[in-house]
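Chain and residue survey
What follows is each chain in one-letter form.
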Amino acid sequence: MEVQNLFEKLTTQEGLESLFEDVESLGIIVGFLLTLGEAFLPFLPLFAIVIINLNSYGIVLGFLTSYAGTVLGSYLVFLTVRYFLRKPAQRYIVKHERLGKMLKFVDQKGFVFLLILLSIPFTPSSVINVIAALSNLRKSVYLCILVVAKAIMILLMSVVGYDITSFFTSPLQLTISIVFLVLLYFFSKWYQRYINSKLEK
């Protein structure tokens, strides 16, 4: 019965509206902690969390809550790896030529590439946080990248996910959102292949 109720909440307009009201009643700290926690627990669905925040707290508060949480979470992961795991990882890096090339690439040309990668919702940002921490990229530079890139990423998610309950009454809006997501996905795959080609040179 509980599974059926959950299914109805996630697949009906009334159910989603009820879910967003429940989350709103818990306060924005919950949305903030969820987006922050996703940086440490990448199996959590960031896209879904951001959509819930946007629809529960409104476009402005939902955006700021998600943005602040994901920037802080990503930077904390970066600092944790940089200060506690970087030295032990050096022995592993020496034995893996491709990882060494990747870190050298980040050191030399990483700013623009990381900025674009972290702006795309489909990028595994937890992996990028670790790679950046193992590189020689300065802490202040990576924070600047996060501040800009995460704003773009949350904005792209907002375009798709704000007022998601309107999808039930507007098939056109649903179709446009799906097409937009597909284009973003293929762009992310193309860009990752582009970076791989650069690493091979």
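What comes next concerns the included structure.

The rules behind these values
Along each chain, residue indices are assigned from 1 in the same order as the chain's sequence is written. Only residues with pLDDT of 70 or above have their local features reported here, since the model is predicted, and side-chain atom pairs are shown and tallied only from 80 upward, although totals for entire chains, interfaces and linings are computed over all residues. As a rule here, side-chain values cover all heavy atoms of the structure and leave hydrogens and water aside. Labels follow the DSSP assignment, with helices taken as runs of H or I lasting at least four residues and strands as runs of E lasting at least two, numbered in each case from the N terminus. Exposure is judged per residue with a 1.4 Å probe applied to protein chains only, and the accessible area is read against the type maximum: over 50% gives exposed, under 20% gives buried, and values in between give partly exposed. Should any heavy atoms of two residues lie within 4.5 Å, those residues are counted as being in contact. The way it works is a 1 Å grid over only the protein atoms, where trapped points that fit a 1.4 Å probe form a cavity and open points with protein on both sides within 12 Å along at least five of seven lines form a pocket, and then any residue with an atom within 4 Å of a point lines it. Grid points are joined across faces, edges and corners, and a volume is the space filled by probe spheres set on the points. Residues form patches when they are more than 30% accessible in relative terms and have no salt bridge. Like charges link within 9 Å. Nonpolar side chains (Val, Leu, Ile, Met, Phe, Trp, Tyr) link within 5 Å. The Shrake-Rupley method, run with a 1.4 Å probe, gives the accessible areas here. Residue values count only the displayed protein chains as cover. Throughout this description, the term salt bridge denotes a Lys or Arg side-chain nitrogen within 4 Å of a carboxyl oxygen of Asp or Glu. Side-chain rings of Phe, Tyr and Trp (the six-membered ring for Trp) are treated as a pair once their centres are within 6.5 Å; stacked means planes under 30 degrees apart, edge-to-face means over 60, and tilted covers the remaining angles. Given a helix with a known number of residues, its expected span is that number minus one, times 1.5 Å. As used in this record, nonpolar core signifies buried Ala, Val, Leu, Ile, Met, Phe, Trp, Tyr and Cys residues forming a set joined through side-chain atoms within 4.5 Å.

Within the chain, the secondary structure is distributed over 9 helices and 0 strands. Secondary structure elements of the chain, listed N to C terminal, follow the sequence α-α-α-α-α-α-α-α-α. The buried share among the 201 residues of the chain stands at 41%. Of the contacts formed within the chain by residues at least 6 apart in sequence, a portion of 77% connects residues at least 24 apart.

Let's shift gears to the layout of surface pockets. Estimated volume of the largest pocket: approximately 310 Å³. What lines the largest pocket is a set of 17 residues, and nearest its centre among them are M102, L117, I128, I131 and I195. Those elements that provide at least two residues to the lining of the largest pocket are α6 (97–119), α7 (125–134) and α9 (171–200). Element by element, the count of residues in the lining of the largest pocket is highest for α6, at 8 residues.

Right, let's get into a nonpolar patch on the surface. Together, F122, L174, I178, V182, Y185 and F186 give the surface a local cluster of nonpolar side chains, amounting to about 520 Å² of exposed area. Counting through the fold element by element, L174 comes out in helix α9.

What follows covers the packing of aromatic side chains. Applying the stated criterion across every chain yields a total of 13 aromatic pairs. Aromatic pair Y75 and F78: ring centres 5.8 Å apart, planes at 10 degrees, arrangement stacked. Placement of both Y75 and F78 in helix α5 (residues 59–95) is noted, with a separation of 3 residues, approximately one turn of the helix. The burial state of Y75 is the same as that of F78; both residues are buried. Feature note: the residues F105, F113, F187, W190, Y191 and Y194 constitute an aromatic cluster, connected by ring pairs.

An α-helix turns once every 3.6 residues. As a result, residues three or four positions apart point the same way. With 12 residues, helix α4 (residues 46–57) extends 16 Å between its outermost C-alpha atoms, agreeing within 8% with the 16 Å of an ideal straight helix rising 1.5 Å per residue. When you tally the buried positions in α4, you get 10 out of 12 residues, the bulk of the element. Those residues of α4 not exposed but buried are L46, F47, I49, V50, I51, N53, L54, N55, S56 and Y57. One or two steps after α4, the chain reaches G58, where phi turns positive at roughly 95 degrees.

Another point: the side chain of S158. Relative to the helices and strands, S158 is located in helix α8 (residues 139–161). For S158, a relative accessible area of 8% puts it in the buried group. Contact partners of S158, with chain neighbours within four places excluded, come to L54, I59 and F63.

Judged by nonpolar contacts, the single largest core of 43 residues is most densely connected at L114, L118, L137, Y142, I145 and M157. Sorting the residues of this core by element identifies α2 (13–26), α4, α5, α6, α7, α8 and α9 as the ones contributing at least two each. The greatest single-element share of this core, amounting to 9 residues, is contributed by α8. If we ignore the near neighbours within four places in the chain, the residues touching I145 are F111, L114, L115, L118, L137 and K150.

In short, shape yes, function no, at least from these values alone.
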